[in-house]
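Single-letter residue listing:
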Amino acid sequence: MPLRLSAVYNPISGRGAGARLAEELAARLRSRGHVCDFRATRRAGDAGALAAAAARDPLDALVVIGGDGTLNEVVNGLAGAPVAVCPVPMGTANVLASELHLPRDPAGVVASLEGGGRYAMDLGVCNGRRFFLMIGAGFDGEVVTAFHRGRKGAIRKSDYFLAATRFLARYRAPRIRITVDGRAVTERATWVLVSNVAGYAAFFSFARDARADDGALDVVWFTGGAPRDIYRYFWAGLRRQVDRLVDARWVRGAAVRLDSPGPVAKQMDGDPNGALPAEISMLPKALTLVVPG
Ligand SMILES: [Mg+2]
């Protein structure tokens, strides 16, 4: 049975690998008789608009070739339209790809599309915008925001590491108040992660037990604010041992509010996302993904 597909790809993702992969995938899909319309993004916002346009026609799947930022745009562009999304991870972190074992080679992607595996994952909503990975408020929000202000071209993991290290030298931790399902849980968090998934930025896991299909968000927060505390948290995240920290806490809930007396930057799915306050809720199983069958 030929599939009706649409594809959105970021040609510069993966330092140009996105364009090559799109070309190979398009050729392979067409040679197998599938109908596929490939559209390249040119600037921020394109992925969302292209996804919204593609979803107006009946589709078997929407292929998305790009990083987490591209997928975030698509999820928001679709705004709940019942289209199965097939992410082909090309970005810096690809948290979702490693959790769901998503293929990134053309043969593997075609096999997923033809094999028909589906996974319904939860989405979070923060101040009206959908996210699929996490919201971070405090340290990582500040780093991502400062980093993108000076960004030129593609991002490498080492760039982030250097930016974070430089940033830490002049870091002053904020005070964040957290309310979960109407219950005040702390007024003294310095860094908060509201996670839909267990992984974080390729190597780390701060919310080890988070599941993307349990209808709840995992809220992990920290109370230390010195540079050595931040290093300690990342080290624990690398070793998946955040639960052993005496100054880290975890709670699960469906509605989270974060606010702060001072300005605190936040990030959504790894991109800058303005400042607190944040009003965060859940859309259980709101995104259908194409996964290996
Ligand atoms: Mg969950």
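This is a predicted model, so every value here is computed, not measured. (Residues numbered from 1 in each chain as written. Predicted model: local features only at pLDDT ≥ 70, side-chain atom pairs only at ≥ 80, totals over all residues. Heavy atoms only, no water.)

**Student:** Please explain the packing of aromatic side chains as it appears in this structure.
**Tutor:** Think of a pair of aromatic rings as described by two things: how far the centres are apart, and how the planes are tilted against each other in angle. Tallied over the full model, the rule gives 18 aromatic pairs. When the ring of Tyr9 is compared with that of Phe38, the centres are 6.3 Å apart and the planes differ by 55°; the resulting orientation is tilted. You can see Tyr9 sitting in strand β1 (residues 4-9) and its partner Phe38 sitting in strand β2 (residues 35-40), a full 29 residues away along the chain. As far as the burial class goes, Tyr9 and Phe38 line up, both buried. Considering the side-chain rings of Phe167 and Tyr171, the 5.9 Å spacing of their centres and the 45° angle between planes classify their relative orientation as tilted. Across the pair, Tyr171 and Phe167 agree in class, each one buried. Here a set of aromatic residues connected by ring pairs shows up, and it is made of Phe139, Phe167, Tyr171, Trp191, Tyr200, Phe203, Phe204, Phe206, Phe222, Tyr233 and Phe234. (Phe/Tyr/Trp six-rings, centres within 6.5 Å; stacked < 30°, edge-to-face > 60°. Helix = DSSP H or I, 4+ residues; strand = E, 2+ residues; numbered from the N terminus. Buried < 20%, exposed > 50% of the residue type's maximum accessible area, 1.4 Å probe, protein only.)

**Student:** Quick question: what am I supposed to make of the environment of Val180 here?
**Tutor:** Checked against the element boundaries, Val180 lands in strand β8 (residues 176-180). What makes Val180 buried here is its relative accessible area of 4%. Sequence-wise, Val180 and Ala254 are 74 residues apart; in three dimensions their C-alpha atoms are separated by 7.5 Å. With residues near it in sequence (within four places) discarded, Val180 still touches Val185, Val219, Val251, Arg252, Gly253, Ala255 and Val256. (Contact = heavy atoms within 4.5 Å.)

**Student:** Sorry if this is basic, but what is going on with the nonpolar core here?
**Tutor:** Side chains that are nonpolar tend, in soluble globular proteins, to be buried together. Leu62, Phe139, Trp191, Phe206, Phe222 and Leu289 are the most contacted members of the largest nonpolar core, which totals 51 residues. When we break this core down by domain, the ones giving at least three residues each are domain 1 (4-115) and domain 2 (130-283). In this view, Phe206 contacts Trp191, Leu193, Ala198, Tyr200, Val220, Phe222, Tyr233, Phe234, Gly237 and Val242; residues no more than four positions away in its chain are not counted. Within the second largest apolar cluster, 24 residues are counted, among which are Tyr9, Phe38, Ala61 and Met90. (Core = buried A, V, L, I, M, F, W, Y, C linked by side-chain atoms within 4.5 Å. Domains from an automatic or database assignment.)

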